[in-house]
Amino acid sequence: MSLHDDAVLVLKRYESAADPAQDGLRQVYLDHLAQHPDGMWKSCGAGHLTASALVVDPEHGRVLLTLHRKLRMWLQMGGHCEPQDASVAEAALREATEESGIPGLTLIGGAPVRLDRHPIPAPCHWHLDVQYAALAPSGSTERISDESLDLRWFAYDEVASVADASVVRLLECTRAALAESR
């Protein structure tokens, strides 16, 4: 199965009971992929899917955020899909592992917890981000990557003071997914 086919399958299965607007966004993603066979790749000028994961340590009630080198914002780990990625989930896990430096991350529930569409500078127009949540192994230590200016753990209640609304919503959905997985 191609990465494009996997993305379509993942999106068709995606449901968000907490936010009905996610259904409309899911359809935007599916329409984009139907119209753009290259919609998984950075080279797609109309926009492309990206994969990200919010790394959490529920034992200590905290999340790991990266200070993005280009955007200079505290964000979850994530980025572009690569040809070697067999699935969108694999892309999110790869990005989270690369950017956090933490081996042994596992996706919570295996399915996306949220979708987030945001504009990006030309020549492309949109990132259609498929967002997952990743569990950090107990006692794990982060290691900063070349893509980050900083990497830091924040308590759940600190996130709103350092990150934008999209990260806050991702944290809310992640905490809901954690509660469901228990």
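Everything below is about the structure printed above this text.
Analysis parameters
- Residues numbered from 1 in each chain as written.
- Predicted model: local features only at pLDDT ≥ 70, side-chain atom pairs only at ≥ 80, totals over all residues.
- Heavy atoms only, no water.
- Helix = DSSP H or I, 4+ residues; strand = E, 2+ residues; numbered from the N terminus.
- Rg over C-alpha atoms; globule rule 2.2 N^0.38 Å.
- Buried < 20%, exposed > 50% of the residue type's maximum accessible area, 1.4 Å probe, protein only.
- Pairing = 2+ DSSP bridges.
- 1 Å grid on protein atoms, 1.4 Å probe; cavity = no way out; pocket = protein on both sides within 12 Å on 5 of 7 lines; lining within 4 Å.
- Points joined across faces, edges and corners; volume = space filled by probe spheres on them.
- Nonpolar A, V, L, I, M, F, W, Y, C, P; charged D, E, K, R; others polar.
- Polar contact = N/O pair within 3.5 Å; in protein donor to acceptor, adjacent residues only side chain to side chain.
- Contact = heavy atoms within 4.5 Å.
- Phe/Tyr/Trp six-rings, centres within 6.5 Å; stacked < 30°, edge-to-face > 60°.
- Lys NZ or Arg CZ within 6 Å of the ring centre and 35° of its normal.
- Arc of directions from axis to C-beta.

(A) Region of the structure containing the overall build of the chain. Helix and strand counts for the chain stand at five helices and eight strands. When the helices and strands of the chain are read in sequence order from the N terminus, they spell out α-α-β-β-β-β-α-β-β-β-β-α-α. Expected size for 182 residues packed as a compact globule is a radius of gyration near 16 Å; at 15 Å, the chain falls within 12% of this value. Counting all 182 residues of the chain, 49% fall into the buried class.

(B) Region of the structure containing the pairing of strand 7 (residues 126-135). The buried fraction of strand 7 is high, at eight of 10 residues. Looking at chain direction, strand 1 (residues 48-57) and strand 7 are connected through nine bridges and run parallel. From the neighbouring strand, A53 faces strand 7, where its bridge partner is Y132. Two elements, strand 5 (residues 106-107) and strand 7, share two bridges in a ladder whose sense is antiparallel. Within the sheet, the bridge partner assigned to L107 lies in strand 7 and is A134. Where strand 6 (residues 114-119) folds back onto strand 7 in an antiparallel hairpin, the turn is made up of six residues.

(C) Layout of the environment of H125. Mapped onto the secondary structure, H125 falls in the loop between strand 6 and strand 7. With 80 residues separating them along the chain, H125 and G45 place their C-alpha atoms 6.6 Å apart.

(D) Molecular detail of the layout of surface pockets. Put simply, the largest pocket is a space of about 930 Å³. If you trace the largest pocket, you find 33 residues lining it, with H68, L71, H80, I120 and H127 closest to the centre. For the lining of the largest pocket, the element with the highest residue contribution is strand 4 (residues 77-80), accounting for four residues. Taken together, the residues of the lining of the largest pocket sort by class into nine nonpolar, 13 polar and 11 charged.

(E) Region of the structure containing the side chain of Q131. When you line up the elements, Q131 lands in strand 7. A polar contact is formed between the side chain of Q131 and the side chain of D129, at a distance of 3.2 Å. For Q131, the residues in contact, after removing those within four places along its chain, are S52, Q76, P112, V113, R114, L115, D116 and L170.

(F) Structural context of the packing of aromatic side chains. Going through the model one piece at a time under the given rule, you end up with one aromatic pair. Centre to centre, the rings of W74 and F154 are 5.0 Å apart; their planes meet at 75°, and the pair counts as edge-to-face. Taken as a pair, W74 in strand 3 (residues 74-75) and F154 in strand 8 (residues 148-155) lie far apart in primary sequence, 80 residues in all. For W74, a relative accessible area of 12% puts it in the buried group. Above the face of the W126 ring, R117 is positioned so that its terminal group lies 3.6 Å from the ring centre.

(G) Representation of unusual backbone geometry. Positive phi values are uncommon outside glycine, yet R72 reaches one of about 55°. Taking the relative accessible area as the measure of exposure, R72 reaches 58% and is therefore exposed.

(H) Representation of helix 1 (residues 3-13) within the structure. When we look at burial in helix 1, the residues that qualify are L3, H4, D6, A7, V10 and L11. Buried residues of helix 1, seen end-on, are gathered within an arc of 160° and therefore sit on one face of the element. Exposed side of helix 1, more than 90 degrees from the buried face: K12 and R13 are the residues found there. If you follow the buried residues of helix 1, they end up packed against helix 2 (21-35), strand 1, helix 3 (88-100), strand 6 and strand 7.

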